[in-house]
Structure formats: C-alpha cells, structure tokens
Amino acid sequence: MDPQDEIYRRILEAGQGYQDADNQAPLYLRTTEEMLEEFSYLGEEKAYEVVVTNTNKISDMCDQISPISPEKCPPHIPGCEQTIKDIAYDKAHELYGETLPQIVQERLDKELDSIIKNGFSVMYIIAQKLVWKSNEDGYIVGSRGSVGSSFVANMTGITEVNSLPPHYRCPNCKYSDFTDYGCKNGFDLPDKQCPNCGHQLAKDGMDIPFETFLGFNGDKEPDIDLNFSGEYQAKAHKYTEVIFGKGTTFKAGTIGTIADKTAFGYVKKYYEERNIPINRAETQRIASGCTGIKRTTGQHPGGIIVVPKGREIYEFCPVQHPADDPNSDIVTTHFDYHSIDQNLLKLDILGHDDPTVIRMLQDITGIDPTKIQLDDKETMSIFSSTKALGVSPEQIHSEVGSFGIPEFGTKFVRGMLVDTRPTTFDELIRISGLSHGTDVWLGNAQSLIEAGTVTLQDAICCRDDIMIYLIKMGLPPNPAFKIMETVRKGKALKDPAKWEEYKNMMKEHDVPDWYIKSCEKIKYMFPKAHAAAYVTNAFRIAWFKVHEPLAYYAAYFSIRADEFDSDCMIFGKEKVKNKMKEIDLQGNNATVKDKNMYAILELVLEMYERGFEFLPMDLYKSHSSKFLVEDGKIRPPLNSIPGLGTVAAEGIEQAREERKIYVHRWFKNTCKGW
C-alpha cells in the first residue's frame with residue numbers, strides 16, 4: 001500500500017530462496033497526484049486523460065461480480081424430512097413407550113419443526129448414515145461441538161448425549177419418571193426399581209437446552225462434527241462418495257500462512273545475510289508486516305465439501321492438489337473452506353484416538369463398552385483418589401488415579417481434580433468445560449472457588465451455563481442467548497458499548513458483580529454437549545482401567561504411547577523411576593521427546609505399582625505394533641525397540657507368518673537380553 005511496505009516483499013522472497021529478492025520494482029498503490037506525476041511526460045491534458053478519464057471509463061464498463069457464488073446449495077436426499085421424523089419417533093417409542101411422555105413429545109416436535117423448516121434435515125440424515133455405518137462396522141463415534149444439545153440427534157444415533165432433563169426410564173415396561181430429584185445429570189440419580197414391573201431403571205439425561213445448537217429461533221446454521229476412529233476415518237470419507245455419488249465430494253482445502261515465529265526468522269536471516277544491524281523492536285515490527293501471508297495450501301484433517309448432483313465444483317471454486325503437489329491423488333478446494341462453507345455443505349469427519357482405544361478394549365475383553373454403567377462408584381472414585389487402583393498417592397506421585405484417562409490425565413487437569421474432588425458425573429462435565437475453556441479456570445473460576453465466593457456447581461464452566469443462569473435470573477431468552485454467544489467467543493470487552501448495555505440488563509435482574517466480571521475475563525468457552533460426549537467416552541475408558549487393567553494398559557500403550565521406549569520401560573519400576581528422575585533434573589531443558597515420554601513413564605510406573613509386569617520381547621510372539629495381553633502380563637510389540645520402526649516391524653511379522661525368518665546380526669544385538 002505504502003512505499004515503505006516494499007521491504008515485506010523483499011524479505012518474503014528472500015525467505016523462500018529467491019536470489020534476486022532485492023531487485024524489486026517500486027510496487028505500491030500510488031495516489032492520483034503521484035500517477036499524474038509519473039505520466040507528466042505526456043503533457044498535463046493527456047496525462048489527466050490517461051490517469052483519470054480513461055480509468056473511470058473502464059471502471060464504468062465493468063460489472064460487479066463475486067468470485068464466489070452467493071447461492072446456498074446444500075445436497076438433497078429425497079424424503080429426508082420424513083426419514084428423520086420416522087427414525088427419531090421410532091427410537092423415542094422404543095425407549096419411552098407408545099404414548100410418549102409430554103416432555104419427550106414436546107421436545108421432539110419443537111426440534112423437528114426447526115430442523116425441517118430451516119432445511120437442516122439433510123445434514124442430520126448424512127450424519128446418521130455415517131454414524132450407523134461406522135457402528136455397523138464395529139466402531140463407536142464420538143460427537144463434538146454442540147450437536148449433543150439436540151435430542152433428535154440422540155434419537156437418530158448421531159450422538160450418545162441425551163439432552164433431556166435427568167430422568168429414569170424402564171427398559172422393560174417403558175415407564176419413565178422425569179421428577180426433579182435435585183440432580184443435574186441423570187447418571188447421578190440414585191439406583192431405583194421400576195414401580196410397575198420391579199426391573200432396574202435406566203438413568204439418563206444431561207439437561208442441555210436445544211437452543212445452544214440452533215438458537216432460539218431454530219435457524220442458527222448447525223455444525224455437526226463427528227469423531228471417528230483414526231483407523232476408520234478414511235473409510236468414512238469414502239462412504240460420503242457412496243451416499244452422494246462419485247465426483248460430488250472433495251477434501252476441504254486450507255491455506256497455510258506465515259506464522260509469527262517464521263516471519264521473525266525471515267527478517268533476522270535477511271539482515272544477517274546482508275550484515276545490516278537491526279534491533280529486536282525493528283525486527284518485530286517488520287515481522288508483523290509479513291505475518292499472515294499465504295505460504296502454502298493444504299487440506300483440512302477431516303473436512304469434506306459436498307457438491308449437489310447436477311452442479312459442478314467449478315461453479316463455486318477451483319480445485320487443486322494439496323501443497324501444490326501435482327502427483328497427489330487427493331483433490332481439494334482451492335479456496336479456504338471458510339470462504340465457501342456458507343454455500344456448500346462441509347462435513348467434519350475427524351479422526352480421534354478414543355473410539356480406537358475403545359474398540360481395542362472391546363476386542364481384548366469382549367465387553368461391549370456401550371453397556372458399561374456410567375455411575376460405577378469405583379470408576380468415579382479415581383477422579384478424587386487412588387484407592388480403587390490399589391495404590392497410594394506416594395507410590396504413583398499423584399493424589400488422583402486419572403493418568404492416561406482422556407480429558408483428565410494431564411498435570412493441569414489433575415490439579416483441577418485435586419482442587420475440586422469431583423464425585424458426580426455432572427462435576428466431571430463441568431471440569432471438562434473448565435479445562436477446555438480459555439481464561440475460564442485460571443484467574444477466574446479457580447480464584448472464585450478458593451475464595452469461597454462460589455462452588456464448582458455455581459461457577460461458569462460451559463457456555464450453556466450462562467444462558468440457563470440468565471434466564472433463571474429473569475432475562476428474556478433472546479438477550480440471554482446473545483450474551484452467552486458474546487461471552488463464549490471472548491467478545492465481552494471488544495464492543496464496550498454493547499457490553500455496557502448487556503451489563504445494565506444483567507444488573508437490572510440482580511446478576512451479581514462477580515458473575516459479570518467472570519464473563520468479562522473469558523476468551524473461549526466449551527459447549528456442555530461437547531464436554532458430555534468426551535466425558536462419556538473418558539468414563540468408559542476409566543472403567544476398563546479400574547476393572548480390566550491389563551486390557552487398559554495394553555490399549556493405551558498401543559494407541560497413545562508414541563514415545564514408548566522398551567529400553568527404560570519394560571525392565572521393572574526402578575529403571576522407570578531412574579528415567580523419570582533424569583527427565584526431572586533436566587527441567588525446562590528436557591527435549592520434547594522426553595517430556596512426551598514422561599506421561600507414559602507415569603502410567604508405566606502406575607502399572608508396576610498395581611502389580612502388573614511386561615513379558616520379554618519375543619521375535620516369534622510379539623506383534624509388530626500392538627501390546628498383547630498374555631498370561632496375566634503384557635508383551636510389548638517389536639516397534640517399541642528403539643531404532644526399529646513400524647514398517648520394519650511389520651516386515652519381520654510378515655516374514656514370521658510366512659515361516660521365513662532371517663534374524664540379522666543387528667537384530668540379535670539389539671534384542672540381547674529379551
């Protein structure tokens with residue numbers, strides 16, 4: 001734009017290896033006066049005609065066009081409106097009986113009306129088809145985001161989260177009880193027998209408002225994100241082509257930009273190579289002008305763009321190969337997917353470890369993870385103590401037993417567990433919400449809880465809490481929803497005038513000052529439905545850790561322990577402790593690899609302290625990449641040998657199966673002692 005900005009182009013070209021980066025034409029946006037000066041050799045009258053008259057004439061001849069079609073073109077599946085109704089009501093009748101309870105009937109009617117009226121049926125049906133196919137092939141699917149707020153999504157199998165208020169229902173005679181017993185989550189209700197038939201009642205209900213997903217008018221654009229097993233993700237992507245037809249699905253493209261650190265490095269290197277002195281402040285200033293420039297293209301890890309039949313992708317955007325690689329067989333949208341996601345449907349079919357771990361646990365034990373009781377007392381206890389694991393806090397250097405449990409295994413979240421000592425499923429969801437938010441726990445809820453101002457139950461933990469609380473305090477639903485949306489995106493203080501209006505509204509309804517200040521600090525908030533879905537699968541994995549420990553450790557080490565090192569992990573707890581001390585002594589100087597390994601060492605030590613051991617590595621018995629449960633112990637895989645990668649390990653396993661074993665001297669020496 002300005003003459004002084006040309007330095008950015010020079011530095012960017014030099015950073016990408018152009019030898020002639022300093023041979024720049026004076027490229028910048030000139031003013032009318034500067035342009036007249038450039039053409040002054042034509043004479044004043046002719047210069048004015050060239051610079052002003054002709055350019056305006058050309059501009060008037062041009063029509064305004066957009067490179068992106070403004071048309072909204074979702075795919076259509078014939079009869080999807082009726083299909084979603086049928087699936088939802090069939091499941092509801094299966095769970096709640098022929099005559100549905102009023103609360104179930106009203107919720108279904110309300111949601112289906114919004115979904116069908118606003119044209120969202122097709123999105124639900126697509127998600128339903130993908131999830132059912134994955135389940136049919138033996139992999140559960142986890143939901144992300146706020147789709148779990150939708151009861152229809154639960155009834156169609158898209159999410160396991162039941163968003164109704166906490167309630168009992170009888171699997172036998174279909175009796176149900178929606179009485180408010182003071183619990184905020186159905187899994188926390190006390191056990192109870194059916195008053196009609198005496199059968200043990202099932203407990204359910206996470207109490208999440210539908211409005212979080214589609215807004216109070218039911219017209220908020222829904223976003224259904226799903227976590228498939230990493231092993232199954234590619235099959236799910238291919239299945240979208242089966243649903244819509246060949247040539248209708250494309251990988252969502254992304255644009256990789258130059259990050260702060262990269263730009264800083266470009267600037268520093270540029271001046272160093274030319275022996276020009278520059279101070280840090282000036283380096284930072286110039287680097288800021290290079291940040292955010294396009295560097296390369298890529299693909300979204302799980303995004304699929306769907307073009308309706310009869311339309312061409314070129315009507316909306318060009319396509320290309322990721323990273324500009326013409327040899328790639330993957331085709332992505334050229335525009336960043338955010339540019340066209342208002343025009344074409346984008347499916348988020350993401351890969352995640354939790355479904356893979358759960359599938360492996362099922363394979364090892366034969367136990368159906370979906371049948372696990374989510375109110376198991378022993379499992380719940382590991383989030384506040386180590387007793388259920390049969391070890392003391394001193395043995396495993398932790399006051400809680402949540403090592404290796406998704407959502408609750410990191411040092412940060414274990415600290416939250418120690419501070420809050422959760423005993424209910426609802427509290428686990430609240431902690432998950434706090435841990436995923438930005439400026440929600442540290443310097444905010446944590447301080448309020450420590451000061452005794454609030455309890456965990458009263459603190460703002462998930463975005464839904466805000467809307468529910470404000471409506472309870474008397475605010476109208478729409479402003480309550482808008483305040484929630486403002487706070488959860490961290491925009492409370494970015495629009496002072498609007499926030500002042502919201503503050504006055506809250507004060508008029510006696511919302512306390514601590515609550516308003518807490519809202520102002522928040523930068524991002526997790527939806528309760530997302531937390532509920534994650535905690536559900538985390539609890540299942542925790543159940544296996546308590547009740548099927550060998551299967552748990554084998555699955556964890558196989559799928560999550562990329563830095564497992566047999567040299568220091570399979571020869572007893574003393575060697576594990578020594579390695580942990582070695583990493584501790586390095587402090588912040590420890591390598592990334594060692595820091596990642598530390599979390600695995602903690603779990604290996606816990607395993608030893610619980611009385612379990614590893615079997616020796618065996619050329620004939622060890623799997624190439626999976627830990628195996630044998631004779632009450634765990635046998636490590638071949639790829640856990642330092643220096644032996646998975647590809648080489650698979651080659652050895654294949655040769656073994658073909659009964660053609662050739663043990664090289666290198667392998668003999670490497671495996672000495674096993």
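One can find the structure itself at the top, above this paragraph.
Described below are features of the structure shown in this document. It should be emphasised that the depicted structure is a prediction, and the values quoted were computed from it without experimental measurement.

## Description of the overall build of the chain
Looking only at helices and strands, the chain features 29 helices and twelve strands. Principal axes of the C-alpha set define a box for the chain whose edges measure 100 × 75 × 60 Å. When burial is assessed residue by residue, the chain has 49% of its 674 residues classed as buried. Put simply, of all contacts in the chain between residues at least 6 apart along the chain, 69% involve residues at least 24 apart. For the chain, the accessible area works out to roughly 33,200 Å², and carbon and sulfur atoms hold 50% of it. Seen as two clouds, the 78 positive and the 99 negative side-chain charges of the chain have centres 5 Å apart.

## Quick notes on the sheet that holds strand β3 (residues 176-177)
A sheet is described by the order of its strands in space; here three strands give the open sequence β3-β2-β4, paired in antiparallel fashion. Of all strands in the sheet, those with a lone pairing partner are β3 and β4 (202-204), marking the two edges. As judged from the two bridges shared by strand β2 (residues 167-169) and β3, these two strands associate in the antiparallel manner. Across the sheet, residue Y168 finds its bridge partner in β3, namely D177.

## Topic: helix α24 (residues 549-559)
Extensive coverage of α24 is indicated by the burial of eleven of its eleven residues. Buried residues of α24: P549, L550, A551, Y552, Y553, A554, A555, Y556, F557, S558 and I559, and no others. Of the surrounding elements, those touching the buried residues of α24 are α13 (353-365), α23 (528-547), α27 (592-609), β11 (628-630) and β12 (633-635).

## Thoughts on the nonpolar core
Across soluble globular proteins, nonpolar side chains show a tendency to be buried alongside one another. Counting 110 residues, the largest nonpolar core has F383, F408, F557, F564 and F614 as its most contacted members. The leading source of residues in this core is α23, at twelve residues. By size, the runner-up hydrophobic cluster in this structure holds 47 residues, among which are I125, L226, A236 and I243.

## Considerations on the side chain of S518
Relative to the helices and strands, S518 resides in helix α22 (residues 513-521). Taking the relative accessible area as the measure of exposure, S518 reaches 4% and is therefore buried. Excluding anything up to four places from it in sequence, S518 contacts N444, L448 and I460.

## Structural notes on the layout of surface pockets
The calculated volume of the largest pocket comes to roughly 1,300 Å³. Lining the largest pocket are 41 residues, and of these E160, R169, D204, T370 and R540 sit closest to its centre. Mapped onto the lining of the largest pocket, the elements with two or more residues apiece are α4 (80-96), α6 (121-136), α7 (151-155), β4 and α23. Per-element accounting of the lining of the largest pocket gives the leading share, four residues, to α4. Classifying every residue of the lining of the largest pocket gives 18 nonpolar, twelve polar and eleven charged. Considering the residues around the second largest pocket, the lining is formed by 29 residues, among which G409, T410, K411, R414 and A599 are closest to the centre. For the lining of the second largest pocket, the secondary structure elements donating two or more residues are α16 (411-420), α26 (573-586) and α27. For the lining of the second largest pocket, a count of residues per class yields twelve nonpolar, eight polar and nine charged.

## Regarding the pattern of salt bridges
Charged atoms that come close allow side chains of opposite charge to pair. On inspection of all chains with the given rule, the structure shows 38 salt bridges. A salt bridge links D113 to K117; the shortest N-O distance between them is 3.9 Å. Linking D113 with K117, this pair stays in helix α5 (residues 102-117), spanning four residues, or about one helical turn. Measuring nitrogen to oxygen at the nearest pair gives 2.9 Å for the salt bridge that ties E282 to R285. A residue pair is termed a helical-turn pair when its members lie 3 or 4 positions apart in one helix, as E282 and R285 do in helix α11 (residues 280-290) at three residues. A residue is classified by how much of its surface remains accessible, and E282, at 28% relative accessible area, is partly exposed. The network of salt bridges with common partners includes E6, R10, D22, K269, E273 and R274.

## Considerations on the side chain of S435
Along the chain, S435 falls in helix α17 (residues 425-436). Polar side-chain contacts of S435 include one of 3.0 Å to the backbone oxygen of S432. If we skip the residues at most four places from it in the chain, S435 touches F412, V413 and M416.

Rules of the game
Residues numbered from 1 in each chain as written. Predicted model: local features only at pLDDT ≥ 70, side-chain atom pairs only at ≥ 80, totals over all residues. Heavy atoms only, no water. Helix = DSSP H or I, 4+ residues; strand = E, 2+ residues; numbered from the N terminus. Buried < 20%, exposed > 50% of the residue type's maximum accessible area, 1.4 Å probe, protein only. Contact = heavy atoms within 4.5 Å. Areas by Shrake-Rupley, 256 points an atom, 1.4 Å probe, with all protein chains shown as cover. Lys, Arg positive; Asp, Glu negative; His and termini not counted. Charge placed at Lys NZ, Arg CZ, Asp CG, Glu CD. Pairing = 2+ DSSP bridges. Core = buried A, V, L, I, M, F, W, Y, C linked by side-chain atoms within 4.5 Å. 1 Å grid on protein atoms, 1.4 Å probe; cavity = no way out; pocket = protein on both sides within 12 Å on 5 of 7 lines; lining within 4 Å. Points joined across faces, edges and corners; volume = space filled by probe spheres on them. Nonpolar A, V, L, I, M, F, W, Y, C, P; charged D, E, K, R; others polar. Salt bridge = Lys/Arg side-chain N within 4 Å of Asp/Glu carboxyl O. Polar contact = N/O pair within 3.5 Å; in protein donor to acceptor, adjacent residues only side chain to side chain.

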